[in-house]
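Summary of structural features
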Amino acid sequence: MSLMLISSICFLIVPENFIRNVFMKIEHIQIVGVLGILYFSTLLYSFLAILPRKYAIIISDDFLIDNSKYESLGKIKWTDISGVRRFKKRNIEISLKVDLYSSEKRSLLKKFLTFMHNWNNNNRILISSTLTDRNIEALFEEIKNAYKTSK
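These remarks concern the structure in this document. This one's a predicted model, so the numbers in the text were calculated from it and none came from an experiment. (Residues numbered from 1 in each chain as written. Predicted model: local features only at pLDDT ≥ 70, side-chain atom pairs only at ≥ 80, totals over all residues. Heavy atoms only, no water.)

Bringing the packing of helix α1 (residues 2-13) against helix α2 (residues 26-50) into the picture now. Where α1 meets α2, the axes come as close as 7 Å, and the angle between the chain directions of the two elements is 155°. The orientation of α1 relative to α2 falls into the category roughly antiparallel. The way α1 lies across α2 gives a crossing that is left-handed. Touching M4, L5, S8, I9, F11 and L12 of α1 are I29, Q30, V32, G33, V34, G36, I37, F40, S41 and L44, all from α2. (Axes fitted to C-alpha atoms, helices over the stretch in contact; angles between N-to-C directions. Helix = DSSP H or I, 4+ residues; strand = E, 2+ residues; numbered from the N terminus. Parallel < 35°, antiparallel > 145°, perpendicular 65-115°, else oblique. Left-handed = near helix turned anticlockwise from the far one by under 90°. Contact = heavy atoms within 4.5 Å.)

Next comes the structure, spelled out in structure tokens:
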């Protein structure tokens, strides 16, 4: 992440070194540099913000607490969840009955990161295995069993 941030800064400072063909212009490379600086600095900030958290996922009888990312919703009641399924290899998709993202006040940074990681963020949550220390299969089974017993 920090390597990508440094690369984006280089795109902005010395764009001449990155011109590869006739169609790339200095302005295009600088725009990519600015966008990269914004995106990777917010990712770095969000990563540093979740470091002091002790647990990424907490499962109880009444709710699920998702602290796996900076932009996570936190406490989600089982009654607000309509389904749980695997999504690709490293994610768990939790479908929501209501749009919980709009029901709470969220900063612009959290909204931006939520949109960048989950384009269909109005009615689902993605829990990724990258920032958790659990096996994704075991975590999925635990969440699925807790959801079934809460019904």
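Having seen the structure, we can now continue with the description.
Take unusual backbone geometry next. With a phi angle near 60°, K88 is a residue other than glycine that sits in the positive phi range. If you trace the backbone, K88 turns up in the loop between β4 (81-87) and β5 (91-96). A relative accessible area of 68% means that K88 is categorised as exposed. (Buried < 20%, exposed > 50% of the residue type's maximum accessible area, 1.4 Å probe, protein only.)

Moving on, we come to a nonpolar patch on the surface. On the surface, I9, L12, I13, V14, I31, V34, L35 and L38 cluster together into a nonpolar patch covering about 680 Å² of accessible area. Mapped onto the nonpolar patch, the elements with two or more residues apiece are α1 and α2. Per-element tally for the nonpolar patch: the top contributor is α2, with 4 residues. Tracing the chain through its elements places I13 in helix α1. Overall, I13 belongs to the exposed group, its relative accessible area being 62%. (Patch = residues over 30% accessible without salt bridge, like charges linked within 9 Å, V, L, I, M, F, W, Y side chains within 5 Å. Areas by Shrake-Rupley, 256 points an atom, 1.4 Å probe, with all protein chains shown as cover. Salt bridge = Lys/Arg side-chain N within 4 Å of Asp/Glu carboxyl O.)

Once that is clear, we can look at the nonpolar core. For soluble globular proteins, the rule of thumb is that nonpolar side chains tend to be buried together. I81, V84, I92, I94, I127 and I143 are the most contacted members of the largest nonpolar core, which has 19 residues in total. Counting residues per element, the ones that place at least two in this core are β4, β5, β6 (124-128) and α5 (136-150). Of all hydrophobic cores here, the second largest spans 7 residues; its members include L5, L43, Y70 and L113. (Core = buried A, V, L, I, M, F, W, Y, C linked by side-chain atoms within 4.5 Å.)

In total, this model carries 4 salt bridges according to the counting rule given. As a salt-bridge pair, R86 and E137 come within 2.2 Å of each other at their nearest N and O atoms. Residue R86 is found in strand β4, and its partner E137 is found in helix α5; the two are separated by 51 residues along the sequence. E137 gets classed as partly exposed once you look at its relative accessible area, which sits at 42%. The structure contains a network of salt bridges with shared partners spanning R85, E93 and R124.

With that out of the way, let us pick up the sheet that holds strand β1 (residues 57-59). Read from one edge of the open sheet, 3 strands run β1-β2-β3, paired in antiparallel fashion. In the strand order of this sheet, the two ends are held by β1 and β3 (74-77), each with one partner. Across the sheet, the mean angle separating the axes of adjacent strands is 15° when strand polarity is ignored. Summarising the sheet, β1 and strand β2 (residues 63-66) pair through 3 bridges and their orientation is antiparallel. What sits directly across from I59, in β2, is L64. Along the sheet face, α5 touches β1 and β2 and points at about 35° away from the line of β1. (Pairing = 2+ DSSP bridges.)

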